[in-house]
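Overview (structure and organization)
Residues per chain, in single letters:
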Amino acid sequence: ACLLAVPSPLRAMPVPSAALTLPAPPTVQQLYDELREEFQLLRNELRQEQQEILARVTALELRTLTGKRNSHSVWRAGSDGSEASPKSKGSRPKSIWKTSTDPLTPQSHMTSDTNGPNGPNGPNENRQAHEAETNELQATDTNLQIDMPADTVNEAAVFDDGLEEVEVHFEDSAWSIPMVLGLVDAGRFDTGYAVLLLLVNCGMQVMFSGILLSDGFMGEDFSEEKENAEIWRTSVAHDYKYMDLAQTSLVTRVCSGDGALILSTVQATLVRQINSYLGFPTGDGANFELPTFQPGLLLCVLCILLWSLCVYKEFRGISLSLAAACQIPRAKKTVFKEGTFYRISFGRFGLLLFTYFTRLAVATVLLLAGISWLARTTSISELMLNAVALNAILDVDEFLFLGLTPMKFQHGIQSLAPLTVTHSRRRSQWESSVQCLMLFCTMWLPFGLLLRPLSKTMLEVKETLCGGNQAFVIFHNAETQLTYGLMTSQDRGLGNLSVSELAVQDWKFSSEPMPGYILFSASEELFEVERVRSMTEIGSSLPMCLETEVLFDGGSLRNDSNIYESVLLFLRSAGAAMGLEGASSCSELSHLCDHHNARLLRYTCGHTCGCTDPAASPWYKLPNQGCAPTCTWRATMLRNQQPCEDVSANHSSWQKFWLDYASVLSGHFGTDITRASVWPGINLTIQVMLRTGCASLLQSPTDFLTQATWCLGDDESFGPMAHLCPVSCNCQTAFDATSCPSSCAPTLPAT
């Protein structure tokens, strides 16, 4: 007002020429123009703030009247007045942004990447720039007044053509550091450290992506497990060396889920993982049909979907940030005011594009690598852990921002005003279509291309590991070049203990002075000898018939407690070997004497099992089958008192011998001989023997299967039959004292 009151002649007063040599003071017109320019800038700022306040108040009034948000408000973030505008000056904290301090130019709070408001070209160009920005701001305010009538203003700026603006806030991420480089009032070290964190973030995510794609991390394809399973099944699973104390094959233990395994734990873990993944019960090693409900398959689809949603969230953030950055006008230098970008330099925009496309490439690689990794995870318990671990890679930028980024940069990024992105109804529908397609591909492509084939491969691997016959072991004799086999137990459990396991179970917590099933050796050398001792050697080591001399009342050694307890141990072990635990007398086990595996029983109960009977059936009356020499010697002494004549065809021992033929030799050969093609002929011979008696030995003197002579016996299965048929066996003319009764011995002529 004072300037306007100066008379015009005074303003036009000429300046003395002598003053031209000195710097000319500002004229009244210049002062007037500068004051007018400042006034115009202040008026534009006030007008802009007034428009924002009116828009927010109108939105609040509409919300109060309608009681609900406008249908387009979901596309707008932070426009309902809940967050203070970065341009608000009431109770604003001290600025963190670089500001102009030139005393010749009014403070404008404007900054740029190159030349500030007081650049090298002087105040005239600054004034022109300020005038151009003032005109733009004024035109913007005018447009806002025209395009936003009071009856249609809401939280989103809705235009007549159906477009709407969405606010995009800058993320609390290390990827946002390029937006404020050079704009934050920070020291050189903070700036360099922030750049280093940006490079570390980029390097970490790129290296994670490379490691995820490497063969060492992904591992071999599961289809290769089938070949490994085939090798294991044919080379290790049925080896007799890996049979346990319960005589259970290694493959049976692996497929039944035996937790006591110390061998083939990799195969056992693989079988458990396949059962859990496909939904088979634990320990089910014989089911090879895919169940309808497969928990591992379902969980894998859900984990892949969860991981994909995390990456899609990253994609959306990248796309919105890129679209918002593209809305900022580009120029040679950045125009930035109190957290708001009005212009962005080409260099800064190029750096933003580089970071956005780097994020996009990393997220894409992580998406594909993560899906492939999750699809190869066969452990149902590791699926969720792997999905969470993948998500942590995407959060590296947030960890670096919240944990290590300098506070100046954190505050600067968090104080940036949100950018706006214009959306239309058509664009929204197009994005929804793309998202629906991505969701469909995420669920069904991995399921059809990766998971379904994986389930079938798992079933094939399980069948290779556990299919077919499991209950046998083999041993190859290199000397004879023959492979021998042994049928083993079908299952494994504490309810069906072997003799060795029963011995351990009985003694491990026992406080008794004598074990119930274990004979402890006096030294390691003696232990090695007794470990491989045969039944013949055991019978020869004890010159007594145990039952008659120890177990019988009145026996010569009945009162010797040490010997008596040892014989009872033999008796209990013999019963346990035949499946009867806790036997205390031979009469309890008498029905098992003729079993091919009852060697210890025949040795302990020689009298009950017929080893001392001169007319007993010849089956198993041999030292290697358990009949001790002292017991058979008793039988020989009694046999010498019998007359030299054949027994009748109805004799009990003769009938029993031929009736037990099939079962004894089946046990001897380990297979059912009645299924052999030669059995009809053998059975015909047996029937003839049963009808005609000892006389038939003259017609069939040898056994077809063992090629043993009936009268002389066999070293492995039966003793001589000469004591039953001394006449037919020609004992009178060819006397053999080991098999013929002494009554058949020829009488020496008197001298």
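Residues numbered from 1 in each chain as written. Predicted model: local features only at pLDDT ≥ 70, side-chain atom pairs only at ≥ 80, totals over all residues. Heavy atoms only, no water.

1. Digging into the side chain of threonine 377
This is how the line gets drawn: Numbering of helices and strands runs from the N terminus; a helix is a DSSP stretch of H or I covering at least four residues, while a strand is a stretch of E covering at least two. Residues adjacent in sequence count toward polar contacts only when both atoms are side-chain atoms; beyond that, a polar contact is any pair of N or O atoms within 3.5 Å, and within protein one must be able to donate a hydrogen and the other to accept it. Whether two residues are in contact is decided by their heavy atoms: any pair within 4.5 Å suffices.
Along the chain, threonine 377 falls in the loop between helix H11 (346-376) and helix H12 (383-394). Side-chain polar atoms of threonine 377 contact the side chain of asparagine 386, separated by 3.1 Å. Once you skip the residues sitting within four places of it in the chain, threonine 377 turns out to touch Tyr277, Glu382, Leu383 and Asn386.

2. Comments concerning the packing of aromatic side chains
Test applied: For this analysis, a ring pair means two rings from Phe, Tyr or Trp (six-membered ring only for Trp) whose centres lie within 6.5 Å, classed as stacked if their planes differ by under 30 degrees, edge-to-face if by over 60, and tilted for the remaining angles. Only protein chains enter the calculation, and the probe is 1.4 Å; a residue is then buried if its accessible area is under 20% of its type maximum, exposed if over 50%, and partly exposed in between. Whether a charge lies above a ring is judged from NZ of Lys or CZ of Arg, which has to be within 6 Å of the ring centre and within 35 degrees of the ring normal.
Counted by the stated rule, this structure contains 20 aromatic pairs. Between tryptophan 658 and tryptophan 710, the ring centres sit 4.8 Å apart and the planes meet at 70°, which makes this aromatic pair edge-to-face. Of this pair, tryptophan 658 sits in helix H23 (residues 652-659) while tryptophan 710 sits in the segment after helix H25 (679-692), and the two are 52 residues apart along the sequence. The exposure class of tryptophan 658 is buried, given its relative accessible area of 3%. Grouping aromatic residues by their ring pairs yields a cluster made of Trp619, Trp654, Phe657, Trp658, Tyr661, Trp710 and Phe718. The ring of phenylalanine 349 has arginine 330 sitting right over it, with the charged end atom 4.4 Å from the ring centre. The ring of tyrosine 564 carries arginine 558 above its face, with NZ or CZ at 4.0 Å from the centroid.

3. Digging into the nonpolar core
Quick note on the threshold: Here, nonpolar core means buried Ala, Val, Leu, Ile, Met, Phe, Trp, Tyr and Cys residues that are tied together by side-chain atoms lying within 4.5 Å of each other.
Among the nonpolar cores identified, the biggest contains 48 residues, and Tyr277, Trp307, Leu451 and Leu465 are the most heavily contacted of them. Secondary-structure elements contributing two or more residues to this core are helix H7 (224-235), helix H8 (250-255), helix H9 (265-278), helix H10 (295-327), H11, H12 and helix H15 (425-466). Counting residues in each nonpolar core, the second largest holds 31 residues, with Leu690, Ala708, Cys711 and Leu724 among its members.

4. With respect to the state of the cysteines
The test is simple: Throughout, disulfides are identified as pairs of cysteine sulfur atoms within 2.5 Å of each other.
Applying the stated rule across the entire model yields nine disulfides. Covalently, cysteine 694 is tied to cysteine 725 through a disulfide, its sulfur atoms 1.8 Å apart. When the S-S torsion is -60°, as for the bridge of cysteine 694 with cysteine 725, the disulfide is left-handed. Linking cysteine 694 in the segment after H25 with cysteine 725 in the segment after H25, this pair joins segments that are 31 residues apart in sequence. Classification of cysteine 694 as buried rests on a relative accessible area of 3%. Cysteine 725 sits in the buried class, given a relative accessible area of 0%.

5. Some words on the pattern of salt bridges
We apply this condition: For this analysis, a salt bridge means a side-chain nitrogen from Lys or Arg found within 4 Å of a carboxyl oxygen belonging to Asp or Glu.
Under the defined criterion, the tally for this structure stands at 13 salt bridges. The partner of arginine 558 in a salt bridge is aspartate 553, and the shortest N-O contact between them spans 3.7 Å. Judged by its relative accessible area of 24%, arginine 558 is partly exposed. Taken together, the salt bridges that share partners define one network made up of Glu171, Glu314 and Arg359.

6. What about a nonpolar patch on the surface?
Which entries qualify depends on this criterion: Only residues whose relative accessible area exceeds 30% and that form no salt bridge are eligible for patches; like-charged ones are grouped when within 9 Å, while nonpolar side chains (Val, Leu, Ile, Met, Phe, Trp, Tyr) are grouped when within 5 Å. In short, Shrake-Rupley with a 1.4 Å probe defines the accessible areas, and a residue's cover is counted only from the protein chains shown.
On the surface, a nonpolar cluster with roughly 600 Å² of combined accessible area is contributed by Leu309, Leu437, Leu439, Phe440, Met443 and Trp444. Looking at which element gives the most residues to the nonpolar patch, the answer is H15, with five residues. Following the sequence through the fold, leucine 309 ends up in helix H10. The class for leucine 309 is partly exposed, based on a relative accessible area of 45%.

7. A look at unusual backbone geometry
Look at tyrosine 620: it is not a glycine, yet its phi comes out positive at around 65°. For tyrosine 620, the position within the fold is in the loop between helix H21 (599-604) and helix H22 (629-639). Positive phi, close to 65°, is recorded for asparagine 730, a residue that is not glycine. By secondary structure assignment, the location of asparagine 730 is in the segment after H25.

8. So, the packing of H11 against H12
Just so we agree on the cut-off: Fitted lines through C-alpha atoms serve as axes, helices being fitted only where they are in contact, and the angles separating the N-to-C directions of these axes extend from 0 to 180 degrees. The scheme is simple: roughly parallel for angles under 35 degrees, roughly antiparallel for over 145, roughly perpendicular for 65 to 115, oblique for anything else. Crossing handedness follows the turn of the near helix against the far one: under a right angle anticlockwise gives a left-handed crossing, and clockwise gives a right-handed one. Residue type decides the class: Asp, Glu, Lys and Arg count as charged, Ala, Val, Leu, Ile, Met, Phe, Trp, Tyr, Cys and Pro as nonpolar, and the leftover types, Gly among them, as polar.
Relative orientation of the contacting elements H11 and H12 amounts to 165°, with a least axis distance of 10 Å. Considered as vectors, H11 and H12 are oriented roughly antiparallel to each other. Between H11 and H12 lies a crossing whose hand is right-handed. Packed against H11, whose contacting residues are Leu366, Gly370, Trp373 and Leu374, the element H12 presents Leu383, Asn386, Ala387, Leu390, Ile393 and Leu394 at the interface. Looking at the contact of H11 with H12 residue by residue, the classes come out as eight nonpolar, two polar and no charged.

9. A short note on the confidence of the model for the chain
Test applied: Values of pLDDT, the confidence the predictor places in each residue, fall between 0 and 100.
Chain-level statistics for the chain give a pLDDT mean of 79 and a share of 81% at 70 or above. By mean pLDDT, helix H1 (residues 8-11) is the weakest element of the chain at 43, and H21 is the strongest at 93. Below a pLDDT of 50 lies the segment residues 66-97, which in the model reaches 70 contacts outside its immediate sequence neighbourhood of four places, other chains included.

10. Here we look at the sheet that holds strand E2 (residues 330-331)
Defined as follows: Each pair of strands is called paired provided DSSP finds at least two bridges between the two strands.
Judged by pairing direction, the sheet is mixed, and its three strands sit side by side in the order E2-E4-E3 without closing on themselves. Of all the strands in the sheet, the pair left with one neighbour each is E2 and strand E3 (335-337). Pairing geometry for E2 and strand E4 (residues 340-345), over two bridges, is parallel. Bridging from a neighbouring strand, alanine 331 pairs with serine 345 of E4.

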